[in-house]
Amino acid sequence: MNTTVEYPSKLFDETDGEEDSDIETSNIDANERNNMRKLKKKEIACPLILTRDHEHLINIYGVDSQMNFGLQVIGAGLMRSGTTSLKFALEYLYKKQCYHMRELVLNIREPHIKLWLWAIEQDREKKEIPREFWSHIYNGFVAAVDYPTAGFYEHLSKIYPHAKIILTIRDPDDWVKSCRATTLSETLYRKPSLGDRIMNRLVGLQSLHKLHYRMFQQTLGRCFYKATDEQLKNVYTDWNEEVIKSIPSDRLLVFDSSQGWKPLCEFLGFPIPPSDIPYPHLNERSTMIQSINKLQRPGRWINRFLCICRYLLIPMFTGIICMRYGEVIYEMVLPMIPLHRPHFSQKVDH
């Protein structure tokens, strides 16, 4: 199948014949060999129509890590493990956007939420998710961490075979406490009130609650809301162990935010930032609680307004209407009221 790939105009250095031997010995047909040779000499314009996946070019020419051929980094760590800090660290290093639940809620919203719900359903039923789906989701992003990406880390590691995988970790007991206070608090995954549903629809997040529920079922188990602290702790450690077991060690970085820039930069091949730029430590527990309250506050105000309407305004307006138009209403309604007369099964003689 032909694939349209857009390449920057200055992708490769101009060299004469240095890589021709690699092209000649590659197991590809003559037409594609000519296309690749022309691309190397920058003799054709973009976009380029290739007859085979563009990963051939990456393998042969060794594309620089700054070039965007899909995701460069995939986060496999669960929520509340330093994923927000990692997002901003990656954006500083790559100077490009990193996909995160934060982006989904604040910027992209409902269009992607519905796509993620579909993807989770496909994953639950063990159905294939086409490559084009991921290209659409991550268009313009160089990395993806946190939810919903983490639930698909193994699948994405095959879709993007050159991407690095980062598993963010923290102390399991501390992780459970943080989740109980924030993302797994009862107020977040309880059934949304009428005010919440109205507000979510107004801001384009009407399916957000459902997405939260499905994401946690995918990663923590179908009955995550019934799990004890000890069970959650076991789920967290099992998840991390499964990531370490399923991803080759040369592609995986097990990363704690307290380690700072050094292991991250060495793993990704970037120089360590100067000392006046500390590694970001963002979205702490208290900040997350404030963010959740801020997100839910408009819904609570709508609920209060609806409550006032139900118990005060509606009776008040009903009383005003009855006082103003009582006689008219009485004359209209009276003929509709049946007159009940006594009924006798037998006639009575007088």
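So, here's what we can say about the structure. (Residues numbered from 1 in each chain as written. Predicted model: local features only at pLDDT ≥ 70, side-chain atom pairs only at ≥ 80, totals over all residues. Heavy atoms only, no water.)

### Structural notes on the sheet that holds strand 4 (residues 97–99)
Each strand in a sheet pairs with its neighbour through backbone hydrogen bonds, running either in the same direction (parallel) or in the opposite one (antiparallel). What counts is decided by this rule: Any two strands between which DSSP finds at least two bridges are classified as paired. Numbered from the N terminus, helices here are DSSP runs of H or I no shorter than four residues, and strands are runs of E no shorter than two. In this description, a line fitted to the C-alpha atoms serves as the axis of each element, helices being fitted only across the stretch in contact, and the angle between N-to-C directions of two axes falls anywhere from 0 to 180 degrees.
Overall, parallel pairing links the five strands, which are arranged 4-5-3-6-7 in an open sheet. Both outer strands of the open sheet, strand 4 and strand 7 (252–255), are each paired with one neighbouring strand and no more. Within this sheet the neighbouring strands show an average axis-to-axis angle of 30°, counted without direction. Here strand 3 (residues 73–75) pairs with strand 6 (residues 164–168) via three bridges, running parallel.

### Overview of a nonpolar patch on the surface
Here is the rule we go by: Put simply, a patch holds well-exposed residues, over 30% relative accessible area, that have no salt bridge, with like charges counted together within 9 Å and Val, Leu, Ile, Met, Phe, Trp or Tyr side chains within 5 Å. The accessible surface values rely on the Shrake-Rupley method and a 1.4 Å probe; as for residues, cover is taken only from the protein chains in view. Here a salt bridge means any side-chain nitrogen of Lys or Arg lying within 4 Å of a carboxyl oxygen belonging to Asp or Glu.
On the surface, Leu194, Ile198, Leu202, Phe305 and Leu306 cluster together to form a nonpolar patch covering roughly 460 Å² of accessible area. Of all the secondary structure elements, the ones that give two or more residues to the nonpolar patch are helix 11 (194–203) and helix 15 (285–333). Looking at which element gives the most residues to the nonpolar patch, the answer is helix 11, with three residues. Topologically, Ile198 is positioned in helix 11.

### Here we look at the packing of aromatic side chains
Any pair of aromatic rings gets described here by the distance separating the centres and the angle formed by the planes. Here is the rule we go by: Centres within 6.5 Å are what make two rings of Phe, Tyr or Trp a pair, Trp counting through its six-membered ring; a difference in plane orientation under 30 degrees is then read as stacked, over 60 as edge-to-face, and the rest as tilted. Burial classification: accessible surface area is computed with a 1.4 Å probe over protein chains only, and a residue below 20% of its type maximum counts as buried, one above 50% as exposed, and the rest as partly exposed.
If you walk through the whole model with that rule in mind, you get 21 aromatic pairs. Centre to centre, the rings of Tyr94 and Phe270 are 4.8 Å apart; their planes meet at 80°, and the pair counts as edge-to-face. On the criterion of sequence distance, the pair formed by Tyr94 in helix 4 (residues 83–94) and Phe270 in the loop between helix 14 (261–268) and helix 15 is long-range, its members being 176 residues apart. Residue Tyr94 shares its accessibility class with Phe270, and that shared class is buried. Between Tyr147 and Phe216, the ring centres sit 5.6 Å apart and the planes meet at 85°, which makes this aromatic pair edge-to-face. Remark: Phe216 occurs in helix 12 (residues 208–220) and Tyr147 occurs in the loop between strand 5 (141–144) and helix 8 (153–159); sequence separation between them is 69 residues.

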